[in-house]
Amino acid sequence: MPGTPEPAPTVDLPPVEWVSFEDAEGDTWQFDVSFLASRWTCIFGRGCQGVLDEPAAHLGHGCCTHGAHFTGPEDQADLLAAAARIRPSQWQFHAEAGDTPLTTDEDGAVVTKVVDGACVFLNRPGFAGGAGCALHIAALEAGERPLDWKPDVCWQLPLRLEELTDSHGHRVFVLREWKRRDWGEAGLDFHWWCTDAPDAFVGGEPAYVTLRDEIVELVGEEPYRMLVAYLADRTTVLPDGSVPLPHPAVRPRLKRG
């Protein structure tokens, strides 16, 4: 019929629930409630398909296929100090690391070396010292936190903190899940990514509890306390029957059309 507008195209809408707080300094902290209240958990070695362009659970790479990048010289120095503490019995590729576990990639960035198709620190399935990150294993055996031994990008996953500053100097910090786009164009080629997959939302406790140390390291104690106080009520069914909006990976996608 002439003059009748065409119907709008159907668009996937995976809504996410957010909450924000202002701290004593006047900064704003915004949190992805749908992710942090979810039961996401790392399933390395328990069905993680890795970040190649095809399923690769059998390789046991997790997200360690590529060499880890660094946030700066301090991050590199911390890694080297930690690496010096790992015993050969804990690190499958200790000898292959040579004088340094670091190298420079084709873009000129400093990264960890890659050996046999994955990070030099990744112990493969069957290694007597244990499969997984040698830094992680050595830290636990030393009674310390793995996040204090690993490169920043490794311990922060699957969290991402962004800082925005407006023209008046007001700062907004956004804590959310690490998405495919955060890896750049390469992320679009991943066959599988854990925060997209319901397989990874099988934890026994909410992510804001299991990832406490990582969240506090990123945002500090005060913002974390505000988040916990809010979620302590929000994760309980409220009198109006509401609960946090589930993560998109574990609910049917809504469509608008």
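None of these values were measured; they are calculated from a predicted model.

(A) Structural context of the pairing of strand β2 (residues 18-22). Because side chains alternate across β2, one face comprises the buried residues Val19 and Phe21, and the other comprises Trp18, Ser20 and Glu22, none of which is buried. Strand direction decides the pairing type here: β2 and strand β3 (residues 28-32), joined by five bridges, are antiparallel. Directly across from Glu22, in β3, lies its bridge partner Thr28. Between the antiparallel neighbours β2 and β3 lie five residues, among them Gly26 with a positive phi of about 90 degrees.

(B) Just the packing of aromatic side chains, in detail. For the coordinates displayed, the defined rule picks out nine aromatic pairs. Pairing Trp178 with Trp183 gives two aromatic rings, centres 5.3 Å apart and planes at 50 degrees, and the pair type is tilted. Residue Trp183 is classed as partly exposed on the basis of its relative accessible area of 28%. Taking the centre distance of 6.0 Å and the plane angle of 40 degrees together, the rings of Phe190 and Trp193 count as tilted. Accessibility assignment for this pair places Phe190 and Trp193 in one class, buried. Ring pairing ties together the aromatic residues Trp178, Trp183, Phe190 and Trp193, which thus form one cluster.

(C) Region of the structure containing the pattern of salt bridges. One pass over the structure, following the stated rule, counts 14 salt bridges. Arg171 is the salt-bridge partner of Asp27, the closest N and O atoms lying 2.7 Å from each other. Linking Asp27 in the loop between β2 and β3 with Arg171 in strand β11 (residues 171-177), this pair joins segments that are 144 residues apart in sequence. Judged by its relative accessible area of 33%, Arg171 is partly exposed. Linking Lys179 and Glu177 is a salt bridge whose minimum nitrogen-to-oxygen distance equals 3.9 Å. Residue Lys179 is classed as partly exposed on the basis of its relative accessible area of 25%. Taking relative accessible area as the criterion, Glu177 reaches 3% and is therefore assigned buried.

(D) Representation of the side chain of Glu17. Mapped onto the elements, Glu17 comes out in the loop between β1 (11-13) and β2. Residue class for Glu17 comes out buried when judged on its relative accessible area of 13%. Looking at Glu17, its side chain comes within polar contact range of the side chain of Tyr230, at 3.5 Å.

(E) Geometry of helix α4 (residues 134-141). Listed in full, the buried residues belonging to α4 are Ala134, Leu135, Ile137, Ala138 and Ala139. Turning to α4, the residues buried within the fold contact α2 (73-83), β8 (122-123) and β9 (132-133).

(F) The arrangement of the environment of Ala249 in detail. You can see Ala249 is positioned in the loop between α8 (221-234) and β12 (254-256). Put simply, Ala249 and Phe35 are 214 residues apart on the chain and 9.6 Å apart in space, counted from C-alpha to C-alpha. If we ignore the near neighbours within four places in the chain, the residues touching Ala249 are Thr195, Asp196, Ala197, Pro198 and Phe201.

(G) The arrangement of the sheet that holds β2 in detail. Here we have four strands laid out as an open sheet, ordered β2-β3-β11-β10, and mixed in their pairing. Of all strands in the sheet, those with a lone pairing partner are β2 and β10 (159-165), marking the two edges. The sheet shows a mean angle of 20 degrees between the axes of neighbouring strands, direction not considered. Against the sheet, helix α7 (residues 212-219) contacts β3, β10 and β11, and its axis sits at roughly 20 degrees relative to β10. α8 rests against β2 and β3 of the sheet, and its axis sits at about 135 degrees to β2.

(H) Quick look at the packing of α7 against α8. Across the interface, α7 lies against α8 with an axial gap of 7 Å and an inter-helix angle of 130 degrees. As the angle between them shows, α7 and α8 are arranged oblique. Residues Arg212, Ile215, Val216 and Val219 of α7 form the contact with α8, whose participating residues are Glu221, Pro223 and Tyr224. Residues belonging to the contact of α7 with α8 are distributed by class as follows: five nonpolar, no polar and two charged.

(I) Highlighting unusual backbone geometry. Here the bond from Leu157 into Pro158 is cis, since omega is 5 degrees, no more than 30 degrees from zero. Considering the arrangement of structural elements, one finds Pro158 in the loop between α5 (152-156) and β10. One non-glycine residue with positive phi stands out, namely Asp116, at about 50 degrees. Of note, Asp116 is situated in the loop between β6 (114-115) and β7 (118-119).

Criteria and cut-off values
- Residues numbered from 1 in each chain as written.
- Predicted model: local features only at pLDDT ≥ 70, side-chain atom pairs only at ≥ 80, totals over all residues.
- Heavy atoms only, no water.
- Buried < 20%, exposed > 50% of the residue type's maximum accessible area, 1.4 Å probe, protein only.
- Helix = DSSP H or I, 4+ residues; strand = E, 2+ residues; numbered from the N terminus.
- Pairing = 2+ DSSP bridges.
- Phe/Tyr/Trp six-rings, centres within 6.5 Å; stacked < 30°, edge-to-face > 60°.
- Salt bridge = Lys/Arg side-chain N within 4 Å of Asp/Glu carboxyl O.
- Polar contact = N/O pair within 3.5 Å; in protein donor to acceptor, adjacent residues only side chain to side chain.
- Contact = heavy atoms within 4.5 Å.
- Axes fitted to C-alpha atoms, helices over the stretch in contact; angles between N-to-C directions.
- Parallel < 35°, antiparallel > 145°, perpendicular 65-115°, else oblique.
- Nonpolar A, V, L, I, M, F, W, Y, C, P; charged D, E, K, R; others polar.

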